[in-house]
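Breakdown of the fold
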Amino acid sequence: MKLLPDLMTFADGTAVLTKNDWIERRKEIIDILSREEYGYMPPAPKAVTGEAKREEDRCCSGHAYKERINITFDTPKGDFSFPVNFFVPVKEGKYPLIILINFRPDAYDKYCPVEEIFDSGFAIAQIYYEDITTDDEDFNNGLAPHYERDKDTGWGKISMWAFSISRAIDYFMKREEIDSENIIVAGHSRLGKTALWCGANDERVKFVCSNGSGCSGAAYERLKHKGAETVDDIVRRFPQWFCGNYKKYANNADAMPFDQHFLIAACAPRFVCVGDASEDLWADQYSEQLACIGASPAWKINGKSGYVGVKRPAKVGERFPKGEICYHMRDGMHFFGRADWLSFIKFIKSKI
Ligand code: GTR
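Below or above, wherever it landed, is the structure these notes cover. As the structure is a computational prediction, the values presented were derived from the model and not from experiment.

For the coordinates displayed, the defined rule picks out 29 aromatic pairs. On the numbers, 5.3 Å between centres and 85° between planes, the contact of Trp155 with Phe163 is edge-to-face. This pair shows no difference in class: Trp155 is buried, exactly as Phe163 is. Look at Phe271 and Phe347: their rings are 6.1 Å apart centre to centre, the planes differ by 75°, and that puts the pair in the edge-to-face class. Separated by 76 residues along the polypeptide, Phe271 in strand β8 (residues 271–277) and Phe347 in helix α9 (residues 338–351) bring together distant segments of the chain. Taking the relative accessible area as the measure of exposure, Phe271 reaches 13% and is therefore buried.

Take a look at the structure:
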């Protein structure tokens, strides 16, 4: 393995020495990741509106109400709309909002224990990712055909999904039940990659929860352990997630002017939760933990700590919540489980 690109050195070779330097370096990192990996997102739209319909006044044990909201924004080729499920505790208040980008449209889904979440004092918004655009190589459906797409640097589907989460944030910032200072974006696996990329770009996201995000998510690309997914694997199976340029790095990760600690670091000095499962070798857990360590200088330059925990591989059941990056290793398979959620929620509550 060659040396990792240095997080704290600008592309022109000068060192990142101050908090203000970090502000500039973060922009440079987002530009590198846009150009080489996920593709450039378009500018934010001018107008975002939502039409809400109350579906349940009291759901589950009666502690929350539920709405279905249609969010609409302008694009160069006309308006685009997508639906969101929204749960809010019935007791009047301003709640931190968890936005989950999910694999299925169902509000009551195995990856989202809504009752545990709203009973812990959060509102929840769920976006079904294929309501934005399908998870395949078809760029003629949903949001995709609304913008021109350059073949090398144009946005892939992860960018489209992440951009749409930000449009939901545009809408929810104006809802009176929401504590707009505490917006959390969560996702699992390909959608854990998406949550990180959204948080990297959008500074309104206070907490990113990325579960089992693996290759092209929280895990280093250069440092692969046995059984782990590589850039070669991912661009062959899922080219639609990325920009065209990313293919250059198949079997050639050492040539990348970045590694995935850049993605985590672009969220600094805000909060990031990284969750892994003990059996999930494909996600390369230890490379995720090491990338959390590698991203930490971005917090240190801001007078914070980043990841505070062991350097050896985390053992099953271990959790490191002391700094601004929380890492946990849950027992079991690749899944977004209750134990993952409880770890994330506990961390968020301790930092709000
Ligand atoms: C896998 C893919 C992973 C991960 C996963 C998922 O097949 O190789 O990178 O994203 O899918 O999203 O479930």
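Right, picking up where we left off after that structure.
What follows deals with the side chain of Arg25. Its location among the elements puts Arg25 in helix α1 (residues 19–38). Classification of Arg25 by relative accessible area gives buried; the value is 2%. In this structure the side chain of Arg25 is engaged in a polar contact, spanning 3.0 Å, whose partner is the backbone oxygen of Asp6. Setting aside residues up to four positions removed in sequence, Arg25 forms contacts with Asp6, Leu7, Thr9, Phe10, Ala11, Val16, Ile32 and Phe262.

Here the focus is the state of the cysteines. Counting across every chain of the model gives zero disulfides. Left without a disulfide partner, Cys215 is nearest to the cysteine sulfur of Cys243, which lies 14 Å away. Note on Cys215: relative accessible area 0%, which makes it buried.

Bringing α9 into the picture now. With 14 residues, α9 should cover 20 Å at 1.5 Å per step; its first-to-last C-alpha distance of 20 Å lies within 8% of that length. Every buried residue of α9 is listed here: Asp340, Trp341, Ser343, Phe344, Ile345, Phe347 and Ile348.

Cut-offs applied
Residues numbered from 1 in each chain as written. Predicted model: local features only at pLDDT ≥ 70, side-chain atom pairs only at ≥ 80, totals over all residues. Heavy atoms only, no water. Phe/Tyr/Trp six-rings, centres within 6.5 Å; stacked < 30°, edge-to-face > 60°. Buried < 20%, exposed > 50% of the residue type's maximum accessible area, 1.4 Å probe, protein only. Helix = DSSP H or I, 4+ residues; strand = E, 2+ residues; numbered from the N terminus. Polar contact = N/O pair within 3.5 Å; in protein donor to acceptor, adjacent residues only side chain to side chain. Contact = heavy atoms within 4.5 Å. Disulfide = S-S within 2.5 Å. Expected span 1.5 Å × (residues − 1).

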